[in-house]
Structure formats: C-alpha cells, structure tokens
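# Reading the structure
Here's the letter readout for the chains.
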Amino acid sequence: MTNTYHPGVDMKLFEYEAKAFLQKSGIPVPKSKVCGTEDEAASAYTEFGGNAVLKAQVLAGGRGKAGGIKFPRSEDEARSQAKDILAMKIKGEAVEKVLVEEKQNIKREHYLGIVTDPDAGCPLLMFCAEGGMDIEELSSKNPDAVKKTLIDPRYGLFGYQVQELLKGSDIPKDAQTGIVSIARALYQTYWDKDGELIEINPLVETAEGKVVAADAKFNIDNSALYRQPDMPKRPVRTVEERAEKLGLSYISLDGNIGIISNGAGLTMSAMDYLNQEGAKPANFLDLGGQATQSSGIKNGIGLVLEKPDVTALLIYIFAGGPRCDVIATGIVEAINEMEKEHSLRVPIVVTLHGRFAEEGMKVLSTCKSPRLYQEPMVEDAVRKVIELGGKAQ
Ligand code: GDP
Ligand code: MN
C-alpha cells in the first residue's frame, strides 16, 4: 500500500528517491545505502566506519518524532535497531526500507523549500534559518522567521533573490554561498521534474563548514507523470478499491460537487437536495461504520478530493451512533494536513447534526483554513456548496 500511486494526487517520493534527484543536480547529500533487511543495514553501518544514522523510509511526515530515526553505536545495535525500524508502522504506513546514511556533524539546521503557491499560481521559495521542525510549526511559532519570495517561471530563480532571503542572518559567508547555489539547483530540479513541493529540512551546516541536505521531500504533479520517464513506477489502485479496503463505499458520478455522508439514506437525500437546486454530484462517499473514527472521515475526504472534477465538497452528517465532534476532529486534521502541503484546492462545506453536534461545530471553528465553511442548516449548506463550486454543464 505504501508503494501505491494514487491517480489524482501528487506522487510523493521517498527520501532516498528525492535525494537521488538532488544529488544529480549537484546538491551535496550524505553518502547512503538503501537497505531492505537488518543484515544489509548492519554491514552498511560498518562500511561507513560505524559513523551512520538509520532512517525509516516512509511517505508520511514526522518520522523522527515517531521513532523512525536511530543512532546506533555498534554493528549489533545497528542490526537490532534496523530490525525494529523495519517492523514499524508510521502513521499506518509499514516501513519497507531503511536508509543507512553517513552521520553528519551538525552545527546548525536550516529549512529550504519550494511549493507551488495555489493563490499566486507560481513557485514560492521559503527559507528559515531555524530548521529541523516542520514548516507549519516554524511559521506558527515565529512567522517572521520564515522568509519567502515568489519565483517567476519565465526567468527562474536568481541568486540575488536567495541572497535577499539570507540578508540579516548570521550565517557565515561561505555557507551563504552554498545555500544560494543549492536553492538554485533545487528550483531547477523542482521545475524540470514537474514538482509541486520540494523541501530540504534540515539543510545542515556541518562542523566542517559544509552545507548538506540531511533530509528531503519531493512531491510530483501527478498529471505530468507521463512526461517524466525517470520517476519511479508505482502500482496503481483505483479509488473504489482503496475505499473498499478502508471500509468506505465510494461511487463516481458525472457532476462537480463531492458528497460525504453517513448511511445510504442520508447520502441519497444529500443528492436529492443538490438535484433540487439544479446541481450534480461528482461522486459520493458513505462513511458507513467508519463514522465512529476520525480516520474514517480523513480517508474519505482524501478519496473524494482525488477526482479532478470536484469543485467543492459537501459533508452532511447525521450522527445517531457516531459523534459529530469525533468526525469534526477528523475533518480539521484532514484540512490542516492538506493546507500544509498546499494541496487543498476546493472549498469544503460541513453541516453537522445529531449527537455532539454543537461540540463538533466548536471543533470546526478552531480550523484556520479559509476553505472550510460550516452551516447549521442542511439547506443552507447545499446552497453554499453550489455557490462556491458552481453547477456543472
Ligand atoms: P524527519 O523527522 O522525518 O523530518 O527526519 P530528519 O531526517 O529531518 O531528521 C530529524 C532530525 O534528526 C534532524 O533535524 C536532526 O536533528 C536529526 N538528524 C538526522 N540526521 C542526522 C545526522 O546525520 N546527524 C545528527 N547529528 N543528527 C541527525
Ligand atoms: Mn526532516
């Protein structure tokens, strides 16, 4: 499952795949070896003279915090820690490979990344002198610390734009020069490979005075994969197959409004409401028994939004057994994760009814995304979602 390509969603690369592209563009990366067994990992550890880190290879973020990075002190320890890592699940994702990587003598960690900015419609370069944590945490803790500049794709990234971001920092001159050329190579890779997001976090200054990409993330625009022959090939599974595996039922239709609901009856009535107003559903997903867990709605939102035809999503819940606040928590988590990756492209309108509906609405109010709307009345929610998403021809 971890190795599956989801049509409709940006394809994520593993750290070792992303680093191979960085290295090709001339960005310094640590020496490393991808291992599938603990014995391979143990001998790689020794090959690196016992100066190596073990890193779980997963597509989910926050691996370090989840215990997916280890610093063994002997070959035996490398073997047993690699064994632990290969048995781990990180955010539900089984670890299949461990990267054994030459350990860096870190003096300082920075953040460097480029995303396709959905509002500006062009690439945005971000740099923060205090790296290591994720960018969301960085920018919420200290918004001024994250420096940003838009890139005009007609001209590419100029050195002076990067120098501008580094201005006023106490980073040594040589390291600054290194960061400028790394940022330009990073942009070239992002552009040439049809990236949606490319990130080095941390970009480290070593005690030896070098600047090295210690971690990397790279998401590729799925609709451009046909012209990217050197991207890894992943098995394809349909949305219906994946929904079924998750205990959800998904049906694709030919309109433009996505619908998530719980129970077949409520789903039908959501479609009736839309039809009455002259709008058409793009698809619908019934949470069924998964409505009792926040993961059910999270998975559901991801699946429904995969369809490029969806211009707005209606979530209509009537909780008899399940609880609205649990569902609301899942909705907010899903939205926050997508906003973080700049992958939320449509508005989401939620109407909650039944058990703990008021608590649920309070949970929704904590979400800062401008793309989330809530309506206490279902009729208002239907009108709102049509107003935002329009009517398909
Ligand atoms: P993430 O948690 O999935 O983002 O994993 P990272 O690869 O970014 O590593 C998380 C943290 O582990 C880094 O910010 C470093 O503090 C530490 N770390 C990773 N690699 C090394 C290394 O080679 N040497 C040292 N000293 N620390 C490392
Ligand atoms: Mn990282």
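Residues numbered from 1 in each chain as written. Chains lettered and ligands numbered in written order. Predicted model: local features only at pLDDT ≥ 70, side-chain atom pairs only at ≥ 80, totals over all residues. Heavy atoms only, no water.

## Some thoughts on the sheet that holds strand E3 (residues 52-57)
Sheet architecture is open: four strands sit in the order E2-E7-E3-E4, paired in antiparallel fashion. At either margin of the open sheet sits one strand with a lone partner, and together these are strand E2 (32-35) and strand E4 (69-70). Judged from the two bridges that link them, E3 and E4 form a sheet pairing that is antiparallel. In the strand pairing of E4, Lys-55 is matched with Ile-69. Where helix H1 (residues 15-24) meets the sheet, it contacts E2, E3 and strand E7 (97-102), and its direction lies at approximately 45° from that of E7. Its contacts with the sheet place helix H3 (residues 75-86) against E3, E4 and E7, and it is angled at close to 15° to E3. (Pairing = 2+ DSSP bridges. Helix = DSSP H or I, 4+ residues; strand = E, 2+ residues; numbered from the N terminus. Contact = heavy atoms within 4.5 Å. Axes fitted to C-alpha atoms, helices over the stretch in contact; angles between N-to-C directions.)

## Re the packing of aromatic side chains
A complete count under the given rule lists six aromatic pairs for this structure. When the ring of Tyr-187 is compared with that of Tyr-190, the centres are 5.9 Å apart and the planes differ by 35°; the resulting orientation is tilted. Here Tyr-190 and Tyr-187 lie together in helix H6 (residues 173-192), a separation of three residues that amounts to about one turn. What makes Tyr-187 buried here is its relative accessible area of 2%. When the centroid spacing of 6.4 Å and the interplanar angle of 70° are considered together, the rings of Tyr-273 and Tyr-316 count as edge-to-face. Highlighted residues: Tyr-273 in helix H8 (residues 264-276) and Tyr-316 in strand E17 (residues 312-319), separated in sequence by 43 residues. Given a relative accessible area of 23%, Tyr-273 falls into the partly exposed group. (Phe/Tyr/Trp six-rings, centres within 6.5 Å; stacked < 30°, edge-to-face > 60°. Buried < 20%, exposed > 50% of the residue type's maximum accessible area, 1.4 Å probe, protein only.)

## A short note on the pairing of strand E15 (residues 257-261)
A regular strand places its side chains so that they alternate between the two faces of the sheet. For E15, a buried count of five out of five residues is recorded, marking the element as mostly surrounded by other parts of the structure. Side-chain alternation along E15 places Ile-257, Ile-259 and Ser-261 on one buried face and Gly-258 and Ile-260 on a second face that is also buried. Across five bridges, E15 lies against strand E16 (residues 281-286) in parallel orientation. By the bridge assignment, Ile-260 is partnered in E16 with Leu-285. Taken together, E15, H8 and E16 form a β-α-β motif whose crossover is right-handed. Examined bridge by bridge, E15 and E17 share five bridges and lie parallel to one another. (Right-handed = clockwise from strand over helix to strand, strands pointing away.)

## Looking at the domain arrangement of the chain
Annotation of the chain at the domain level lists domain 1 (1-30 + 105-234), domain 2 (31-103) and domain 3 (239-389). On the domain 3 side, the residues contacting the 15 residues of domain 1 number seven residues. Roughly 1,100 Å² is buried in total at the junction of domain 1 and domain 3, and carbon and sulfur atoms are behind 51% of that figure. Seen at the junction of domain 1 and domain 3, the total is three salt bridges. Between Arg-345 and Glu-196 there is a salt bridge whose closest N-O contact spans 3.6 Å. If you look at where domain 1 meets domain 3, you find one residue pair in polar contact (both at pLDDT 80 or more). Mapped onto the side of domain 1 that touches domain 3, the elements with two or more residues apiece are strand E8 (106-117) and strand E11 (195-206). Tallied by class, the residues present in the side of domain 1 that touches domain 3 amount to five nonpolar, four polar and six charged. (Domains from an automatic or database assignment. Buried area = accessible area lost by both parts, 1.4 Å probe. Salt bridge = Lys/Arg side-chain N within 4 Å of Asp/Glu carboxyl O. Polar contact = N/O pair within 3.5 Å; in protein donor to acceptor, adjacent residues only side chain to side chain. Nonpolar A, V, L, I, M, F, W, Y, C, P; charged D, E, K, R; others polar.)

## Examining the coordination of the manganese ion (ligand 2)
Each pair of donors in an ideal octahedron of six around a metal sits at 90 or 180 degrees, and each pair in an ideal tetrahedron of four sits at 109.5 degrees. Note on the manganese ion (ligand 2): its protein donors are Asn-201 (O) and Asp-215 (OD). The metal-donor distances range over 2.2 to 2.3 Å. Taken together, the residues span a long stretch of sequence, with Asn-201 in strand E11 and Asp-215 in the loop between strand E12 (211-213) and strand E13 (217-220) at a distance of 14 residues. (Donors = N, O, S within 2.8 Å, 3.2 Å for Na, K, Ca; no water.)

## A look at the pattern of salt bridges
Under the definition given, this model contains 29 salt bridges. Of the charged contacts, one joins Lys-298 and Glu-333 as a salt bridge, the two residues approaching to 3.1 Å between their closest N and O atoms. Residue Lys-298 is found in helix H9 (residues 294-305), and its partner Glu-333 is found in helix H10 (residues 324-340); the two are separated by 35 residues along the sequence. What emerges from the salt-bridge pattern is a single network uniting Glu-15, Lys-19, Lys-55, Arg-63, Glu-101 and Asp-215.

## Quick notes on the nonpolar core
By size, the foremost hydrophobic cluster in this structure holds 37 residues, and its most contacted members are Leu-22, Ile-27, Leu-112, Leu-125, Phe-127, Leu-186 and Ile-200. Mapped onto this core, the elements with two or more residues apiece are H1, E8, strand E9 (122-128), helix H5 (159-166), H6, E11, E12 and E13. Dropping the residues within four chain positions of it, Leu-186 is found in contact with Leu-22, Ile-27, Leu-112, Gly-113, Ile-114, Ile-198 and Ile-200. (Core = buried A, V, L, I, M, F, W, Y, C linked by side-chain atoms within 4.5 Å.)

## Thoughts on the sheet that holds strand E14 (residues 249-252)
With mixed pairing, six strands are arranged side by side in an open sheet as E14-E16-E15-E17-E18-E19. The outermost strands of the open sheet, each flanked by one partner alone, are E14 and strand E19 (372-374). When strand polarity is set aside, the average angle formed by the axes of neighbouring strands in this sheet is 15°. Sheet contacts for H9: E14, E15, E16, E17 and strand E18 (348-354); angle to E15, the most-contacted strand, approximately 160°.

## Quick look at the site of ligand 1
Every one of the 14 residues lining ligand 1 counts as a neighbour, but Lys-55, Arg-63, Gly-64, Gln-104 and Glu-109 are closest to it. A distance of 2.8 Å separates an oxygen atom of ligand 1 from a polar backbone atom of Gln-104. Here an oxygen atom of ligand 1 and a side-chain polar atom of Asp-215 are 3.0 Å apart. Considering ligand 1 on its own, with 570 Å² of exposed area, one finds that the protein chains cover 78% of that surface. Its residues assigned to classes, the shell around ligand 1 comprises five nonpolar, four polar and five charged. Taken domain by domain, the makeup of the shell around ligand 1 includes at least three residues from each of domain 1 (1-30 + 105-234) and domain 2 (31-103). (Near = heavy atom within 4 Å. Areas by Shrake-Rupley, 256 points an atom, 1.4 Å probe, with all protein chains shown as cover.)

## As for a nonpolar patch on the surface
Taken together, Tyr-155, Phe-158 and Tyr-160 make up a surface patch of nonpolar side chains, about 360 Å² in accessible area. Looking at the secondary structure, you find Tyr-155 in the loop between strand E10 (146-150) and H5. (Patch = residues over 30% accessible without salt bridge, like charges linked within 9 Å, V, L, I, M, F, W, Y side chains within 5 Å.)

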